[in-house]
Amino acid sequence: MRNTFRGLGTAAIMVGVTLVAVPGANATPHRPRVASVVGSGEVRLTYSPDNDVRSFTFDARATPYTRALPGAPHGLPTDATGTVRVAHRVAANGLTVRFAARVDCLVTAERTASLTAVVTEADTPAADLVGRRLGFSVYDGPGGDRVGFSWSVVNADQGPDGQWREGTVGTCLAPAAFAPVTRGDWTVRHAELLPPPADK
């Protein structure tokens, strides 16, 4: 009898190991990694004599092939959603101007991202921004994060009349991340651009 019980015990252990080792039929399928940029931080502009402070809050995620465009009815691999919030505090008069924008494009590499967003709401001093697309870049580096943006000192364009003015911003276009963070942190999650789904 003792040998019989010992054999049954061994068989039970073997069955248990087999059940654990073989994955169930309802296992979750592999999902592609999704690119994103999240976090909030403040920067001081090294070239600004009045010590302006700008804060940037990103909550952007890739949503490939979800936004139809002329010539791309099924969308692009860089389609994205989310929000960007910017606050610009002028030390000279203590005024803070804020605006928010809706993300429409995101592309990443290791530790870096470029994204664009269309302004949807703004404080009165920045009301002329509503409806405009702005470009942003983020560097998520071990030596400190950095951010870039398409207005202020970049994206000038010379018209046929020879006059210089701020240029328009295309989707996912942004300058290098030139402004170092002084407080806060951004996290860039990189993902390769995906081919269109089979049904597209």
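All values reported here derive from a predicted model rather than from experimental measurement.

Chemist: Can you break down the pairing of strand S5 (residues 112-122) residue by residue, with the values?
Modeler: Inspection of the sheet shows strand S4 (residues 95-109) paired to S5 by ten bridges, in the antiparallel sense. The residue of S5 that forms the bridge with Ala 100 is Glu 121. Taking the residues that link successive antiparallel strands as the turn, the S4-S5 hairpin has two residues, and the phi of Arg 111 there is positive, at about 70 degrees. The sheet contact formed by S5 and strand S6 (residues 133-139) spans seven bridges and is antiparallel. Note that in S6 the partner of Thr 112 across the bridge is Tyr 139.

Chemist: Lay out the state of the cysteines with the relevant residues and their values.
Modeler: Overall, the coordinates contain one disulfide when judged by the stated rule. Disulfide pairing is shown between Cys 105 and Cys 172; the S-S distance is 2.0 Å. Given an S-S torsion of about -105 degrees, the disulfide between Cys 105 and Cys 172 has left-handed geometry. With Cys 105 in strand S4 and Cys 172 in the loop between strand S9 (164-166) and strand S10 (179-189), the pair connects residues that are 67 residues apart, well separated along the chain.

Chemist: Hey, could you go over unusual backbone geometry for me, with residue numbers and the actual values?
Modeler: A positive phi angle, near 60 degrees, is found at Tyr 65, a position not held by glycine. The phi torsion at Arg 111 lies on the positive side, around 70 degrees, for a residue other than glycine. Along the chain, Arg 111 falls in the loop between S4 and S5.

Chemist: Tell me about the sheet that holds strand S1 (residues 36-44), and name the residues and values.
Modeler: Read once around its circumference, the closed barrel built from eight strands follows the order S1-S2-S3-S4-S5-S6-S7-S10, with strand pairing classed as antiparallel. Each neighbouring strand pair of the sheet contributes to a mean axis angle of 30 degrees, computed without reference to strand direction. Bridge count between S1 and strand S2 (residues 53-62): nine bridges; the pairing is antiparallel. If you follow Glu 42 over to S2, its bridge partner there is Ser 55.

Chemist: Describe the side chain of Ser 137, with residues and values.
Modeler: You can see Ser 137 is positioned in strand S6. Using a relative accessible area of 5% as the deciding quantity, one classes Ser 137 as buried. Of note is the side chain of Ser 137, whose polar atom sits 3.5 Å from the backbone oxygen of Ala 176. Contact partners of Ser 137, with chain neighbours within four places excluded, come to Ala 113, Ser 114, Arg 146, Val 147, Gly 148, Ala 174, Pro 175, Ala 176 and Ala 177.

Definitions and cut-offs
Counting restarts for each chain: residues are numbered from 1 in the order of the written sequence. It should be noted that, the model being predicted, local features are given only for residues of pLDDT at least 70 and side-chain atom pairs only at 80 or more, the latter also being counted only at that level, while totals for whole chains, interfaces and linings use all residues. With hydrogens and water stripped out, all remaining heavy atoms of the structure feed into the side-chain values. For two strands to be treated as a pair, DSSP must find no fewer than two bridges joining them. Note on conventions: DSSP H or I runs of at least 4 residues are helices, E runs of at least 2 residues are strands, and numbering of each starts at the N terminus. When two cysteine sulfur atoms are found within 2.5 Å, that pair is recorded as a disulfide. In this analysis, axes come from line fits to C-alpha atoms, helices being fitted only over the stretch in contact, and the angle between any two N-to-C directions falls in the range 0 to 180 degrees. Only protein chains enter the area calculation, which uses a 1.4 Å probe; residues under 20% of their type maximum are buried, those over 50% are exposed, and those in between are partly exposed. Any pair of nitrogen or oxygen atoms within 3.5 Å is treated as a polar contact; in protein, a donor-acceptor pairing is required on top of that, and neighbouring residues in sequence qualify only through side-chain atoms on both sides. Any pair of residues with heavy atoms lying within 4.5 Å of one another is described as a contacting pair.

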